[in-house]
Every structure is written in structure tokens, then in C-alpha cells.
Amino acid sequence: MGASQGKALILTPQEKKLLRESWHDCMESRVDFSIAVFLRVFEQIDGTQPLFEQLRSMSISEVKTHPKMKAHCIRVTAIIGSVITDLDDPTVIIEMFRNVARTHYKLGNHLGDSHYTKFGEIFLSCVKDYDTNYSGKRRDAWAKAFEGVKATLVATKRELEA
């Protein structure tokens, strides 16, 4: 793990507070928020829905109510919630996202850098829609945090490909 990965995840106390407050607001609609993220991913990033074998032939409206999709969305939300809880320990966050990258890689989902960038944009758009107290400061805190996460995901993927 490169030193730049840990450095990229260093947030100020104010940024951590903003992220925690924003996440709390988003989680008022936890299931809707998490499903919205993945539906937007499927709609906006070509080739992502087929990565989910059981969802390949479904329409977006069918995917929206499929129990396996809901379960996946809730798992991802739980991981992000754990990250938010552990913002004071960037080494834990780094390892959590390294594990996410390794898991996707083992499943054959060799996502490119552009996928991570687009996912971040989609995630941030959902935060904007579900955070009832959304502000420029919250947006900036999320953007900074996501850049650190993306750096970790990309670096881990490159290590696996080497």
C-alpha cells in the first residue's frame, strides 16, 4: 500500500463532522438512497448491470424491486456506514476499500478508473438528492473523501493486475 493512499484519506475534523451529518441525513431513507445509487449506475455506466448475473435480463423497474439487488445495496450502504463510523482511522478505511477492490477483481469485475470516477459522480448526486441539509461544504467534504477512496481502489486494482 502506497503512502499516498493514506495521505489522500486524511480529513479535517470539520470535514468528518460534515460527512457524518450528511450520511445521517441520507440514511433517513436508507433503502431508497442505496437503490437509487445502483439504479443510476446501471442507467449511466454501460455494462454494469450485466455484472450482476441474476439481474442481466431484467428491466430497471424489475431490478428496483429484486430482493438480491436490495440486499446488495444494503450491504454497500453498510460498508459506507462503517467507513463513516471509522473516519478517525484512515488505515481502517484504506483496508476496507482495498478489500472492496480485491473482491470485485476476484469476481472478474475489472472496473476501470473511469468506472470509479463515474460511480463517485453518481454517488455524490444521490447524496445531493437525499441529504436534506446539503451544502457546498458537505459536497466538498464528500468529493475530497471520494478522491481518497478512488485513489485506494485504483492503486489496489493496479497491484492486482501487476
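Nothing here was measured: the structure is a model prediction, and the numbers come from that model.

Digging into the overall build of the protein
Assigned secondary structure in the protein consists of 8 helices and 0 strands. Reading the secondary structure of the protein in the N-to-C direction produces α-α-α-α-α-α-α-α. Relative to the globule expectation of 15 Å for 162 residues, the C-alpha radius of gyration of the protein, 15 Å, shows essentially globular dimensions. In terms of overall dimensions, the protein has a C-alpha envelope of 45 × 45 × 20 Å along the principal axes. Counting all 162 residues of the protein, 40% fall into the buried class. In the structure as shown, the protein presents an accessible area of about 8,700 Å², 54% of it carried by carbon and sulfur atoms. For the protein, the distance from the average site of its 23 positive side-chain charges to the average site of its 21 negative ones is 1 Å.

Quick notes on the side chain of His 72
Here His 72 is to be found in helix H5 (residues 67–85). Look past the residues within four positions of His 72 in its chain and what remains in contact with it is Phe 38 and Phe 52.

Topic: the nonpolar core
One finds Leu 19, Phe 33 and Phe 123 to be the most contacted residues of the largest nonpolar core, which totals 41 residues. Sorting the residues of this core by element identifies helix H2 (13–26), helix H3 (30–44), H5, helix H6 (90–106), helix H7 (113–130) and helix H8 (136–161) as the ones contributing at least two each. In this view, Phe 123 contacts Trp 23, Phe 33, Val 37, Ile 80 and Trp 142; residues no more than four positions away in its chain are not counted.

The rules behind these values
- Sequence order as written defines the numbering, with residues in each chain counted from 1.
- Under the rules for a predicted model, residues below a pLDDT of 70 receive no local features and side-chain atom pairs below 80 are neither given nor counted, while totals for whole chains, interfaces and linings still include all residues.
- The basis for the side-chain values is all heavy atoms of the structure; hydrogens and waters are excluded.
- Helix and strand definitions follow DSSP, with helices as H or I runs of at least four residues and strands as E runs of at least two, each counted in order from the N terminus.
- In this description the radius of gyration comes from C-alpha coordinates, and the expected globular size is given by 2.2 Å times residues to the power 0.38.
- Buried, partly exposed and exposed residues are distinguished by accessible area as a fraction of the type maximum, computed with a 1.4 Å probe on protein chains only: under 20%, between the cut-offs, and over 50%, respectively.
- Working definition of accessibility: Shrake-Rupley area with a 1.4 Å probe, residue cover restricted to the visible protein chains.
- Asp and Glu are treated as the negative residues and Lys and Arg as the positive ones, with His and the ends of the chain left uncounted.
- A single reference atom marks each charge: NZ on Lys, CZ on Arg, CG on Asp, CD on Glu.
- Here a residue-residue contact requires only that any non-hydrogen atoms of the pair lie within 4.5 Å.
- Put simply, a nonpolar core is a bunch of buried Ala, Val, Leu, Ile, Met, Phe, Trp, Tyr and Cys residues held in one set by side-chain atoms that sit within 4.5 Å of each other.

None of the figures reported here should be taken as evidence of function without further support.
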